[in-house]
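# Examination of the molecular architecture
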Amino acid sequence: MSKTFHAQLLTPNGSLFDGEIIGMKVPGSAGNFEMLYNHAPIVSTLTIGKVEIQKADDTTLSYAVSGGFVEMNDNQVTLLAEDAVESADIDADEVRKTLTEARVRLKENPKDREKIQNEIEKAKNLKKVAE
Amino acid sequence: MVAAAKLRKAQQRMTSNRPFAAKMKEVVARLVSATDGENELLRKPESVEKVLVIAVGSDKGLCGGFNNNLFKVVESNLKENYQSYIDNDNLDIITIGKKSGAYFAKREYSIHERHPGFFDSLNYEDTASIMHDVMGAFKNEEYDRVYIAYNEFKTVIAQNRIVEQVLPIDVDSLIKEDENEDETSAITDYIYEPSTKLILDELLPIYLISQLWQAVLESNASEQGARMAAMDNATENAKELEQELRLKYNQARQSAITTEISEIVSGAQALEEG
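The present account deals with the structure reproduced in this document. Nothing here was measured: the structure is a model prediction, and the numbers come from that model.

### Some thoughts on the overall build of chain A
- Within chain A, the secondary structure is distributed over two helices and nine strands.
- The linear arrangement of helices and strands in chain A, starting from the amino end, is β-β-β-β-β-β-β-β-β-α-α.
- Counting only C-alpha atoms, chain A reaches 55 × 25 × 25 Å along its principal axes.
- Long-range contacts, defined as pairs at least 24 residues apart, comprise 51% of the intrachain contacts of chain A with a sequence gap of at least 6.
- Just so you have it, chain A exposes about 6,900 Å², and 45% of that area is on carbon and sulfur atoms.
- Here chain A contributes 16 positively and 22 negatively charged side chains, and the mean placements of these two sets differ by 9 Å.

Pasting the structure below:
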C-alpha cells in the first residue's frame, strides 16, 4: 500500500477536490510530472492540459485545466487553477460546438487570432480529457 | 424570503473563493520576496500622474444606504487626497453595477468604463477581462495608481466600506503579512519551475484578478444582506403605519356614525314633537 498525502484543487468558484491521494500528475510548464509521497517542495506553473489524481482507494479522477499553478510542501499539495473541469462534467457536444464556432471565428477575425487560438486549445484539451 | 435565499447563495460563493485567494496571496508573497520584485506589475512610479478607481456598487436599488454610503466615503476620500487630480481630469473611474455608474456620472466624474448589469451574470471571466485591461493600462503607464472601492461583507446587516489600493502592489506589507502568518514556509527551500520570474509573470495577473473577484463577491453578498435589512425595515415601517392609519380610520368611522345617529335621533325627536 502506497503512502498517501493530502491534496486540494481550488478554483475561484470553489474547491473541486479535497482529500487523501497516492499521486497527482500535472501538466507543468516545463513538462509533465507526477508528485508522489515525500516529493520535494515545489512550485510550478501549469499549461493547458490534464490533471490526474490517483485517490487513496486507487481510483483515478481527471480534470481539464487551463493554466494555474501547483504547490507541494510537507506532503500537502495545492493546485490552483482559474478554470478546471472534472472529466465527468464535460459536455462533449457543447465542446464540439465551441470548437467549430471558434474555428469559424478564427477565419473571420484574424486580429484576435491569439485569443481565439487559445480558446481552441482549451476546447481541444476538454475534448481530450473527456475521452 | 427571496433575499434570504439569494444571500445564502452569495455568501457561499464568497466563502468558496477565500481558500483560493488566500493561497494565491501566500505564494505571490513568497515569490515576490524571492525575485526582488522584478516585474512590470511591480513597477513603482516615481510620481503619480493618473489615478484609477474601480467602484463596485449594485445593479438594483432598494437596498438602503448600501450604494450611497459607500460612494460618499469614496468621494470624500478622493476629494481629500486627489482634488487636484479631479480638477485636472487625471482621475478616472471604472464603475461596476448600474447604481455606481449613475452616481458618478451624475457628479461628472470622468468615467473610463461602465459595467451596468454586471451582477446579472456575475462570473469570473468578466471580472478577469476588466482586470486585464486595467493591468495593461498600468503597464503602459496610463495609470500610476489603482484603487478598488467596495462593500466588504461583515455581517448580514453590516458592511465595511473599503477603499483599497491594488496597484502598485504594496510589496512590503504583502511580505510582512505572509511572514506573520506562516513562519515555516520562509525556511523551506522550494524548487521553482520554470523559474521564479516566469512564475511571477503568470501569477501576478491571477492574483490581481482574484482580488477584484473577491471584492465583487463580497459586494454581492453585502448587497443581498443590505437589501434584506432594508426590506425588513420597510415591512416594519409599513406595519407601524398600518396601525396608525387603522386607528385614524376607526376614529373617523366612529365619529361619522355618531353624527349620523344623532342626526336620526334629533330628526325623530323633531317628528315626535311636531
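Let us keep going from here.
### Notes on the packing of aromatic side chains
Residues and elements named next belong to chain B.
- Counted under the stated rule, the structure contains nine aromatic pairs over all chains.
- Between Phe71 and Phe104, the aromatic rings sit 5.1 Å apart at their centres with planes inclined by 65°, giving edge-to-face as the arrangement. Note that Phe71 is positioned in helix α2 (residues 66-87) and Phe104 in helix α3 (residues 98-106), a separation of 33 residues in sequence.
- For the pair Tyr82 and Tyr147, a centre-to-centre distance of 6.0 Å together with 65° between the ring planes defines the contact as edge-to-face. Linking Tyr82 in helix α2 with Tyr147 in strand β4 (residues 145-153), this pair joins segments that are 65 residues apart in sequence.
- We classify Tyr147 as buried; its relative accessible area is 13%.
- Three or more aromatic residues link up through ring pairs in this structure, and these residues are Phe71, Tyr103, Phe104 and Tyr109.
- Over the face of the ring belonging to Tyr103 we find Arg107, whose NZ or CZ atom lies 3.6 Å from the ring centre.

The rules behind the values
- Residues numbered from 1 in each chain as written.
- Chains lettered and ligands numbered in written order.
- Predicted model: local features only at pLDDT ≥ 70, side-chain atom pairs only at ≥ 80, totals over all residues.
- Heavy atoms only, no water.
- Helix = DSSP H or I, 4+ residues; strand = E, 2+ residues; numbered from the N terminus.
- Contact = heavy atoms within 4.5 Å.
- Areas by Shrake-Rupley, 256 points an atom, 1.4 Å probe, with all protein chains shown as cover.
- Lys, Arg positive; Asp, Glu negative; His and termini not counted.
- Charge placed at Lys NZ, Arg CZ, Asp CG, Glu CD.
- Phe/Tyr/Trp six-rings, centres within 6.5 Å; stacked < 30°, edge-to-face > 60°.
- Buried < 20%, exposed > 50% of the residue type's maximum accessible area, 1.4 Å probe, protein only.
- Lys NZ or Arg CZ within 6 Å of the ring centre and 35° of its normal.

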